[in-house]
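# Descriptive analysis of the structure
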Amino acid sequence: MEEELAYSVLEFVAEIPRGKVVTYGQIANMIGYPKYSRLVGRILSHAEYYGEYPCHRVVGHDGRVASHFSNQRQLLESEGVTFLSDGKVDMMKHQCVFKE
């Protein structure tokens, strides 16, 4: 199941538009596993084994970037994503909203 779940996560991530972000929880909800947001994060931390995906577009529920992803902010800024004074993504402007 975990490999199937990994591909579901990565397929979803591939569809995130440039200049937008989603949260780990949003992904978990959209693929039908609402309590698996931490597993989504773990899958994304190993995404390079599956190919190239825009994992930098996935942030914490409050707009926080991943501590282990040193150039995530730079990649997001290059796509026009803006940050608040506390260093978090401006979720009001950039969070991608999906209809379930």
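Each remark here, short or long, concerns the structure printed above.
Right, let's walk through the structure included here. (Residues numbered from 1 in each chain as written. Predicted model: local features only at pLDDT ≥ 70, side-chain atom pairs only at ≥ 80, totals over all residues. Heavy atoms only, no water.)

### With respect to the packing of helix H1 (residues 2-14) against helix H3 (residues 37-45)
Applicable threshold: Every axis corresponds to a line fitted to the C-alpha atoms, with the helix fit spanning only the stretch in contact, and the corresponding angles, defined between N-to-C directions, vary from 0 to 180 degrees. Numbered from the N terminus, helices here are DSSP runs of H or I no shorter than four residues, and strands are runs of E no shorter than two. Each angle gets one of four labels, with under 35 degrees taken as roughly parallel, over 145 as roughly antiparallel, 65 to 115 as roughly perpendicular, and the rest as oblique. Two residues qualify as a contact provided that any one of their heavy atoms is within 4.5 Å of a heavy atom in the partner residue. Note that Gly is not counted as nonpolar here; it falls among the polar residues with everything else outside the nonpolar set of Ala, Val, Leu, Ile, Met, Phe, Trp, Tyr, Cys and Pro and the charged set of Asp, Glu, Lys and Arg.
The geometry of H1 relative to H3 is characterised by a closest axis approach of 10 Å and an angle of 80 degrees between their N-to-C directions. In this view, H1 runs roughly perpendicular relative to H3, as classed from their interaxial angle. Touching Glu-2, Leu-5, Ala-6, Val-9, Leu-10 and Val-13 of H1 are Leu-39, Val-40, Arg-42, Ile-43 and Leu-44, all from H3. Considering only residue class, the contact of H1 with H3 consists of nine nonpolar, no polar and two charged.

### Points about the nonpolar core
General note: in soluble globular proteins, nonpolar side chains tend to be found buried as a group. Rules: Here the nonpolar core consists of buried residues drawn from Ala, Val, Leu, Ile, Met, Phe, Trp, Tyr and Cys, with membership extended through side-chain atoms lying within 4.5 Å. Burial status follows relative accessibility: with a 1.4 Å probe on protein chains alone, a residue under 20% of its type maximum counts as buried, one over 50% as exposed, and anything between as partly exposed.
Within the largest apolar cluster, 19 residues are counted, with the highest numbers of intra-cluster contacts made by Val-9, Val-13, Val-22, Ile-27, Leu-44 and Val-58. Those elements that place two or more of their residues in this core are H1, helix H2 (24-30) and H3. Among the elements that take part in this core, H1 stands out by supplying six residues, more than any other.

### Section: the packing of aromatic side chains
Where two aromatic rings form a pair, the distance of their centres and the angle of their planes describe that pair. What counts, and what does not: Centres within 6.5 Å are what make two rings of Phe, Tyr or Trp a pair, Trp counting through its six-membered ring; a difference in plane orientation under 30 degrees is then read as stacked, over 60 as edge-to-face, and the rest as tilted.
Enumeration over the complete set of coordinates arrives at two aromatic pairs. An angle of 85 degrees between the planes, with centres 5.2 Å apart, marks the rings of Tyr-7 and Tyr-50 as edge-to-face. Here Tyr-7 is found in helix H1, whereas its partner Tyr-50 is found in the loop between H3 and strand E2 (58-59), with 43 residues between them in sequence. Look at Tyr-50 and you get partly exposed, because its relative accessible area is 30%. Measuring from centroid to centroid gives 5.2 Å for Tyr-33 and Tyr-36, while their planes differ by 55 degrees, and the two rings are tilted. What makes Tyr-36 partly exposed here is its relative accessible area of 33%.

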